[in-house]
Amino acid sequence: MDFLFLLTLLIYLAASIFHALFLTTGDRKIDRFAYWITIGGFALHSFYLVLRWLRQGEFPMAYWYDSASFFAWAIILIYLCIAHLTRLRTVGSFVVPAAFIANLIAYTLPKGNAAVSPALQNYWLITHSSFIFLAYAAFVAAFGFGLMYLIEEKRIREKKHTLLYNLLPALGRSDRIGHKCILAGVILMTIGIIIGVFWTRNVQEVTWKWVDPKVIFTIATWLIYVLQLSIRQIFGWYGRKTAYSAIVGFAAVLFTYAGVNLFLPSMHAF
């Protein structure tokens, strides 16, 4: 199984490299190869997660290793959905490397094969964690579209004509798809938070704490994106402001996921 995970990591590395090569060459064959190798890595990663689930006997989400690996899987899933629905694969150059980094971090962490608490051996963990990490992945995609928007806007402002800029989507398209990613992320995170509340209220071994740092920062991250959607709807907040807010939101996601546990005590393992 360790070999499967290492192979997945190497495939994601290759996919990241080929996505970057596409931006430097503009070769559509490289673009297609990067896309299909990403699909191959995702399929292998999915197979690995299923094997680990069967081997552990519970959903692989009780340890940092598993959460980082699942985060990488979720990022690739969201990217492939976007690429399939929009035929826009350029964003892969910005988000596939994020999946590789998440998997690389997972590779350096202990696997934690010991038995977990009975409170975590249920479908509440599966649904709660899955929705939260899929939301995080959608926000990673929004971050990618925000970066592309800012790069393309700079090109237009400075009247530059390079291959990289010619491969990026139009400003309006980056803005619209990024907005849809944020909307999807907010919906997924809302469901995940609600499931988390019901979970802790229905499991006696877990006590719900509103003052838990992870809970506070999760809600704060959710509010950042909800505020952005609200301002966009009410005041017509488009373009550069949306791109910058997507970047700020992504920073909040990173701190909520990893920073809280590094600096603050929390009832959450990750």
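Whatever comes next refers back to the structure up there.
As the structure is a computational prediction, the values presented were derived from the model and not from experiment.

**Q** Give me the lowdown on the overall build of the protein, citing residues and values where you can.
**A** Counting its regular elements, the protein contains nine helices and zero strands. Going through the 270 residues of the protein one by one, you find that 51% of them count as buried. A fraction of 80% describes how many contacts in the protein between residues 6 or more apart in sequence connect residues 24 or more apart. Within the structure as shown, the protein displays about 13200 Å² of accessible surface, and the carbon and sulfur contribution to it stands at 70%.

**Q** Could you give an account of the pattern of salt bridges, with specific residues and numbers?
**A** Summed over all chains, the structure comprises five salt bridges. Across the pair arginine 89 and aspartate 31 runs a salt bridge, and its minimum N-O distance is 3.3 Å. In this pair, arginine 89 is assigned in the loop between helix H3 (64-86) and helix H4 (92-108) and aspartate 31 in helix H2 (residues 28-56), connecting sequence segments 58 residues apart. Judged by relative accessible area, which is 21%, arginine 89 ranks as partly exposed. A residue is classified by how much of its surface remains accessible, and aspartate 31, at 4% relative accessible area, is buried. Ionic pairing is found between aspartate 175 and arginine 232, a salt bridge with its closest N-O pair at 2.8 Å. Remark: arginine 232 occurs in helix H8 (residues 213-235) and aspartate 175 occurs in helix H7 (residues 171-202); sequence separation between them is 57 residues. On the basis of relative accessibility, which here comes to 10%, the residue aspartate 175 falls in the buried class. For arginine 232, a relative accessible area of 7% puts it in the buried group. Each member of the salt-bridge network shares a partner with another, and the members are Arg28, Asp31 and Arg89.

**Q** With reference to specific residues and values, describe unusual backbone geometry.
**A** In the Ramachandran plot, arginine 87 falls in the positive-phi region, its phi being about 60° despite a non-glycine side chain. Relative to the elements of secondary structure, arginine 87 occurs in the loop between H3 and H4. Given a relative accessible area of 66%, arginine 87 falls into the exposed group.

**Q** So what's going on with H3? Residues and values would help.
**A** Here H3 spans 33 Å end to end across 23 residues, near enough to the 33 Å set by a 1.5 Å rise per residue. With 17 of its 23 residues buried, H3 lies for the most part within the structure. Once H3 ends, the next one or two residues include arginine 87, with phi positive near 60°.

About the thresholds
- Residues numbered from 1 in each chain as written.
- Predicted model: local features only at pLDDT ≥ 70, side-chain atom pairs only at ≥ 80, totals over all residues.
- Heavy atoms only, no water.
- Helix = DSSP H or I, 4+ residues; strand = E, 2+ residues; numbered from the N terminus.
- Buried < 20%, exposed > 50% of the residue type's maximum accessible area, 1.4 Å probe, protein only.
- Contact = heavy atoms within 4.5 Å.
- Areas by Shrake-Rupley, 256 points an atom, 1.4 Å probe, with all protein chains shown as cover.
- Salt bridge = Lys/Arg side-chain N within 4 Å of Asp/Glu carboxyl O.
- Expected span 1.5 Å × (residues − 1).

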